[in-house]
Amino acid sequence: SFSTMEVFLQCPLRYQYRQEWKIPAPPDGLTPVSGDQAEAPSVSAAQLGTLIHATLEAFHQPGLLDGKGGLERLRQIWDTVCDGELDHQRADQVWADRAVSMFRNYLASEVASWPTVATEQEFNLAYKGALVRGFMDRLVTAPSGIATVVDYKTGRAGSDAGYGMQLEIYKDAI
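To start, this report covers the structure provided alongside it. (Residues numbered from 1 in each chain as written. Predicted model: local features only at pLDDT ≥ 70, side-chain atom pairs only at ≥ 80, totals over all residues. Heavy atoms only, no water.)

1. With respect to the nonpolar core
Move 1: By size, the foremost hydrophobic cluster in this structure holds 26 residues, and its most contacted members are Ile52, Leu56, Trp78, Leu86, Trp95 and Phe103.
Move 2: Mapped by element, the contributors of at least two residues to this core are α4 (45–59), α5 (70–82) and α6 (88–108).
Move 3: Ranked by residue count, the leading element in this core is α6, at seven residues. (Core = buried A, V, L, I, M, F, W, Y, C linked by side-chain atoms within 4.5 Å. Buried < 20%, exposed > 50% of the residue type's maximum accessible area, 1.4 Å probe, protein only. Helix = DSSP H or I, 4+ residues; strand = E, 2+ residues; numbered from the N terminus.)

2. Points about the packing of α4 against α5
Move 1: Two elements in contact, α4 and α5, have axes separated by 9 Å at closest approach and are oriented at 120°. On the basis of their axis angle, the class for α4 and α5 is oblique. For the crossing formed where α4 meets α5, the hand is right-handed. Residue-level inspection shows Leu48, Leu51, Ile52, Ala54, Thr55, Leu56, Ala58 and Phe59 of α4 in contact with α5, the latter providing Gly70, Arg73, Leu74, Ile77, Trp78, Val81 and Cys82.
Move 2: Along the lines of polarity and charge, the residues of the contact of α4 with α5 split into 12 nonpolar, two polar and one charged. (Axes fitted to C-alpha atoms, helices over the stretch in contact; angles between N-to-C directions. Parallel < 35°, antiparallel > 145°, perpendicular 65-115°, else oblique. Left-handed = near helix turned anticlockwise from the far one by under 90°. Contact = heavy atoms within 4.5 Å. Nonpolar A, V, L, I, M, F, W, Y, C, P; charged D, E, K, R; others polar.)

3. What about the packing of aromatic side chains?
Move 1: For the structure shown, the criterion picks out five aromatic pairs.
Move 2: Judged by centre distance (5.7 Å) and plane angle (85°), the ring pair of Tyr106 and Tyr152 falls under edge-to-face. Of this pair, Tyr106 sits in helix α6 while Tyr152 sits in the loop between β3 (147–150) and α7 (163–173); the two residues are 46 residues apart in sequence, bridging distant segments of the chain.
Move 3: By relative accessible area, Tyr106 is classed as buried at 11%.
Move 4: For Tyr152, a relative accessible area of 8% corresponds to the buried category. (Phe/Tyr/Trp six-rings, centres within 6.5 Å; stacked < 30°, edge-to-face > 60°.)

4. Remarks on the sheet that holds strand β2 (residues 130–141)
In sheet architecture, strand pairing relies on hydrogen bonds along the backbone and comes in two forms, parallel and antiparallel.
Move 1: Strand order in the open sheet formed by three strands is β1-β2-β3, and the pairing between neighbours is antiparallel. Each having just a single partner strand, β1 (116–127) and β3 make up the two edges of the open sheet. Sheet twist, expressed as the average angle between the axes of neighbouring strands with direction ignored, equals 50°.
Move 2: Of the strand pairs in this sheet, β1 and β2 are connected by 10 bridges, and their pairing is antiparallel. (Pairing = 2+ DSSP bridges.)

5. Considerations on the packing of α5 against α6
Between two packed helices, both the angle of their axes relative to each other and the distance between the axes serve to describe the pair.
Move 1: Contact pair α5 / α6: the axes reach a minimum separation of 11 Å and the direction vectors enclose 135°. Classified by the interaxial angle, the pair formed by α5 and α6 is oblique. The hand of the α5/α6 crossing is right-handed. Counting all contacts with α5, which are made through Gly70, Leu71, Leu74, Arg75, Trp78 and Cys82, the residues of α6 involved are Ala91, Asp92, Val94, Trp95, Ala99, Val100, Phe103, Arg104 and Leu107.

What follows is the structure in structure tokens.
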């Protein structure tokens, strides 16, 4: 993933801790703990991102229901996605505390209504001498007729330092 590539570019040792040894890296100045993170979250940022992505993927399956039904349908999909991942009470809490505002913001964006061509579209390409395999969250057709990638970002503000590289790769992929 691009966040994994970003970790490697920032600190190869941190990458090794997370990806190879599967243990938490020691705290350092690269990933400071904010006040929000210091409190015990109901779900981790990674788990929340996974749940949001899965919900939007189901919401935007190409066809008659693509992007239809608004917040009510998103909530129904959320409940289905969370089944087996979170108990009902935690799913309700995460919906109310975090997810609903993300979905409201998303629905207010213009791309939410653009027709979907594909979700989780796989691509493989050579980029600056490396083979890159990835997935685009959503491929849409913009009103201009141009294929456009919609990438869902659920992380904290300021976490997009490697986003320029991700955009370059998406441009090459489409």
